[in-house]
Amino acid sequence: MEKVKYPNKPKRPSSAFFIFMEEFRKQYKQKHPHIKSVAAVGKAGGDKWKSLSDAEKAPYVAKADERKAEYEKDMKAYHKRRAEGTKEGAEESKKSRSELIIKEEDHEGSDEEEDDNFAFRIMEKVKYPNKPKRPSSAFFIFMEEFRKQYKQKHPQIKSVAAVGKAGGDKWKSLSDAEKAPYVAKADERKAEYEKNMKAYNERLQTKMG
């Protein structure tokens, strides 16, 4: 699939899984220097990710949220520049379509990184336009609240990993009764998601039929 990409446009941030893979890939290659297969590294990383608890994934999710917030901020500034017709926006507008078309998988980096990212990309579920977003688990709903409270109490702590670890430890210390409100919210979101997915699948079948 091809799409138009403009110079200086902010790069879409990585998901929590890919942030985890950035770290895992380096560790795996150090431990297994003889393994050159990109697919093998990708499979090992995917299996490891699946084995992690929500608490263990929390630092990567927090980093992903942070990068997403920064990306949205940069995109807002980017669209503002284009709308105001700045020099940068004008130069982008003058680019011919043929110069701007690139493949969706193209990105900056070495050939090895491109091969790795391609392998990891195909491990993620294919996303279709307008497909309902999978709902958060009870733990991540708890983290939405915890993250705000933690930053208010500890404004000097900027480490995303520290916030994730603190949240994971706090979650483990909660009783089932204390977790119940978050579980209820998760069940509610899951029910809404399943309802939306049913409608989404029906629309797909109608188009395909």
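Residues numbered from 1 in each chain as written. Predicted model: local features only at pLDDT ≥ 70, side-chain atom pairs only at ≥ 80, totals over all residues. Heavy atoms only, no water.

**Describing the nonpolar core**
To keep things clear, this is the line we draw: Each nonpolar core is a collection of buried residues, namely Ala, Val, Leu, Ile, Met, Phe, Trp, Tyr and Cys, held together in the definition by side-chain atoms within 4.5 Å. Each residue gets one of three labels from its accessible area relative to the maximum for its type: buried under 20%, exposed over 50%, partly exposed in between, using a 1.4 Å probe on protein chains only. Secondary structure counts use DSSP, requiring at least four H or I residues in a row for a helix and at least two E residues in a row for a strand, with both numbered from the N terminus.
F20, W49, F139, F142 and W171 are the most contacted members of the largest nonpolar core, which has 31 residues in total. Breaking this core down by element, the ones donating at least two residues are α1 (16–31), α2 (38–51), α3 (54–84), α7 (138–153), α8 (160–173) and α9 (176–208).

**Some details on the packing of aromatic side chains**
Quick note on the threshold: Note on ring pairs: Phe, Tyr and Trp rings are taken, using the six-membered ring of Trp, and paired if centres are within 6.5 Å. Classes follow the plane angle, with under 30 degrees stacked, over 60 edge-to-face and the rest tilted.
Inspection of the entire model under this criterion finds 15 aromatic pairs. Judged by centre distance (5.8 Å) and plane angle (75°), the rings of F17 and W49 are edge-to-face. In this pair, F17 is assigned in helix α1 and W49 in helix α2, connecting sequence segments 32 residues apart. Like W49, F17 is buried. Three or more aromatic residues joined by ring pairs make a cluster, and in this case those are F17, F18, F20, F24, Y28, W49 and Y60.

**Quick look at the pattern of salt bridges**
Proximity of charged atoms lets side chains of opposite charge pair with each other. Let me state the cut-off plainly: Salt bridge, as used here: a side-chain nitrogen of Lys or Arg that lies within 4 Å of a carboxyl oxygen of Asp or Glu.
Tallied over the entire structure, the rule returns 5 salt bridges. Among the ionic pairs, D47 bridges to K43, the shortest N-O distance being 3.0 Å. Remark: K43 and D47 occur in helix α2; sequence separation between them is 4 residues, near one turn of the helix. Using a relative accessible area of 38% as the deciding quantity, one classes D47 as partly exposed. Across the pair R189 and E144 runs a salt bridge whose closest N-O atoms are separated by 3.4 Å.

**Concerning α8**
Note the following rule: For a helix, the expected span equals 1.5 Å multiplied by the residue count minus one. Counting of polar contacts relies on pairs of N or O atoms within 3.5 Å, with two restrictions inside protein: one atom must be capable of donating a hydrogen and the other of accepting it, and residues adjacent in sequence are counted only when both atoms are side-chain atoms.
Taking 1.5 Å of rise per residue, 14 residues should cover 20 Å, and α8 covers 20 Å from first to last C-alpha, within 8% of that figure. Restricting attention to buried positions, one finds in α8 the residues V160, V163, G164, A166, G167, G168 and W171. Here α8 starts with a cap whose side-chain oxygen sits 3.4 Å from the backbone nitrogen of A161, and that cap is S159.

**Overview of the packing of α3 against α8**
Packed helix pairs are specified by the crossing angle of their axes together with the interaxial distance, meaning the distance between the axes. Note the threshold: Helix axes use the C-alpha atoms of the stretch in contact, all axes being lines fitted to C-alpha atoms, and the angles between their N-to-C directions lie in the range 0 to 180 degrees. By definition in this entry, angles of less than 35 degrees are roughly parallel, angles greater than 145 are roughly antiparallel, angles of 65 to 115 are roughly perpendicular, and the rest are oblique. Note on convention: near helix rotated counterclockwise from far helix by under a right angle means a left-handed crossing. Clockwise means right-handed. Contacts are residue-level and defined by heavy atoms, with any inter-residue pair within 4.5 Å sufficient. Under the scheme applied here, ten amino acids are nonpolar (Ala, Val, Leu, Ile, Met, Phe, Trp, Tyr, Cys and Pro), four are charged (Asp, Glu, Lys and Arg), and all others, including Gly, are polar.
Closest axis-to-axis distance for the α3/α8 pair is 8 Å, and the angle between their directions is 140°. The orientation of α3 with respect to α8, classified from their angle, is oblique. As α3 runs across α8, the sense of the crossing is right-handed. Counted together, A55, A58, P59, A62, K63 and E66 of α3 and V160, A161, G164, K165, G168 and K172 of α8 form the full contact between these two elements. Per-class residue counts for the contact of α3 with α8 are 6 nonpolar, 2 polar and 4 charged.

**Points about the packing of α1 against α3**
Packing of α1 against α3 leaves a shortest axis separation of 8 Å and a crossing angle of 115°. Considered as vectors, α1 and α3 are oriented roughly perpendicular to each other. The element α1 and its partner α3 pack so that their crossing is right-handed. The segment α1 lies against α3, with A16, I19, F20, E22 and E23 engaging Y60, V61, K63, A64 and R67. Here the residues of the contact of α1 with α3 sort into 6 nonpolar, no polar and 4 charged.

**What about the confidence of the model for the chain?**
Segments scoring low in pLDDT should not have their predicted coordinates read at a detailed level. Definition in use: Confidence scores labelled pLDDT are given residue by residue by the predictor and lie between 0 and 100.
With 74% of its residues at a pLDDT of at least 70, the chain reaches an overall mean of 77. When the elements of the chain are averaged for pLDDT, strand β2 (residues 101–103) gives the smallest value, 37, and α7 the largest, 91. Low pLDDT (under 50) marks residues 93–127, which in the prediction has 54 contacts with non-local residues, meaning those over four places away or in another chain.

**A look at the side chain of K57**
Counted only if it meets this: A positive count includes Lys and Arg, and a negative count includes Asp and Glu. His and the chain ends are not counted in either.
With respect to the secondary-structure elements, K57 resides in helix α3. One buried charged residue, K57, forms no salt bridge at all, with the nearest opposite charge on D54 at 5.0 Å. Look past the residues within four positions of K57 in its chain and what remains in contact with it is W49, L52 and F140.

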